[in-house]
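# Remarks on the overall topology
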Amino acid sequence: MASPAVEATAATALRSVMFRVRQAARRVGREPDRVRVVAVSKTKPVSLIRQIYDAGHRCFGENYVQEIIDKAPQLPEDIEWQFIGHLQSNKAKTLLAGVPNLAVVQGVDSDKIANNLDRAVSNLGRHPLRVLVQVNTSGEASKSGIEPSSVVELARHVKLHCPNLVFSGLMTIGMPDYTSTPENFRTLSNCRTEVCKDLGIAEDQCELSMGMSGDFEQAIEMGSTVVRIGSTIFGPREYPQKHPK
Ligand SMILES: *Cc1c(COP(=O)(O)O)cnc(C)c1O
């Protein structure tokens, strides 16, 4: 359980983040309401998520299947859950069945995952699922996501062959040390231009999910429409030690 002091801190941190998001948007003459904040609650207890919910926030992100299917049923149904990051294709059905109010999967990086999600939506008879294609813009082998050169093809596959998915945009994770982040963000933005041209959709109908705790203001200044913010709202993550000494 989070202590009351931690909870007060999280609500205050949320307000501060929302303020910084609006300021960043205004600096470049963008509409502040066009930037969505996904509060990334992975590893954090339900009681703390509830505090952020009570502070008025409704959009939360998780990136472990077991964790989101444990937490979602304990929290209000009007939460807009987003699954962020890589999803194992054999977990698509478990995820969708376990989280009826899952709104978005930000992490489609292969035809196989797209097909499995499409089939799971159909089998469960749920409304179409919005998906973002994850792009590896940094070229790091450790990162999931498809190469920028394959984005058009995957987006086209989703649009043409996955009737239960709604292609909604692109997502990337910048470099951990932030030095190449602008370059990564520019790459994602260029991918969007290509995809929109190919699919014949307007750029403002294609989300750009980029920016995390350390780089969200810069991402917004570069056109991000979705920022995923964890530790700046919830505090640093403490992972349980798998092999205690
Ligand atoms: C954990 C995570 C975040 C949030 O990271 P912070 O640096 O804590 O804001 C954003 N995106 C993805 C894909 C994540 O896994």
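Remember, it's a predicted structure, so these values are computed and weren't measured experimentally.

## A word on the overall build of the chain
Assigned secondary structure in the chain consists of nine helices and eight strands. The C-alpha atoms of the chain give 17 Å as radius of gyration, which agrees with the globular expectation for 245 residues (18 Å, within 12%). Each principal axis of the C-alpha atoms in the chain carries an extent, and together these give about 50 × 45 × 40 Å. For the chain, with 245 residues in total, the buried portion stands at 53%. Once local pairs closer than 6 in sequence are excluded, the contacts in the chain between residues at least 24 apart make up 62%. A total accessible area of about 11,700 Å² is found for the chain, and carbon and sulfur atoms account for 50% of it. Taken as two groups, the 29 positive and 27 negative side-chain charges of the chain have centres that lie 2 Å from each other.

## Some remarks on the site of the ligand
Taken together, 13 residues surround the ligand, and among them Lys42, Ser213, Gly230, Ser231 and Arg237 come closest. Asn63 is positioned with one of its side-chain polar atoms (N or O) 3.1 Å from an oxygen atom of the ligand. With respect to the ligand, the backbone of Ser231 contributes an N or O atom lying 2.8 Å from an oxygen atom. Contact with the protein chains removes 92% of the 390 Å² of surface that the ligand exposes when unbound. Here the shell around the ligand is built from residues that sort into six nonpolar, four polar and three charged.

## Quick notes on the packing of aromatic side chains
The tally for this structure, following the rule as stated, stands at one aromatic pair. Note on Phe60 and Trp81: the rings are 6.0 Å apart at their centroids and 50 degrees apart in plane angle, and the pair reads as tilted. Here the residue Phe60 occupies a position in strand E2 (residues 59-62), and Trp81 occupies one in strand E3 (residues 80-84), the gap between them amounting to 21 residues. Phe60 sits in the buried class, given a relative accessible area of 0%. Seen from the ring of Tyr53, Arg58 lies directly overhead, with NZ or CZ sitting 3.6 Å from the centre.

What counts, and at which threshold
Residues numbered from 1 in each chain as written. Predicted model: local features only at pLDDT ≥ 70, side-chain atom pairs only at ≥ 80, totals over all residues. Heavy atoms only, no water. Helix = DSSP H or I, 4+ residues; strand = E, 2+ residues; numbered from the N terminus. Rg over C-alpha atoms; globule rule 2.2 N^0.38 Å. Buried < 20%, exposed > 50% of the residue type's maximum accessible area, 1.4 Å probe, protein only. Contact = heavy atoms within 4.5 Å. Areas by Shrake-Rupley, 256 points an atom, 1.4 Å probe, with all protein chains shown as cover. Lys, Arg positive; Asp, Glu negative; His and termini not counted. Charge placed at Lys NZ, Arg CZ, Asp CG, Glu CD. Near = heavy atom within 4 Å. Polar contact = N/O pair within 3.5 Å; in protein donor to acceptor, adjacent residues only side chain to side chain. Nonpolar A, V, L, I, M, F, W, Y, C, P; charged D, E, K, R; others polar. Phe/Tyr/Trp six-rings, centres within 6.5 Å; stacked < 30°, edge-to-face > 60°. Lys NZ or Arg CZ within 6 Å of the ring centre and 35° of its normal.

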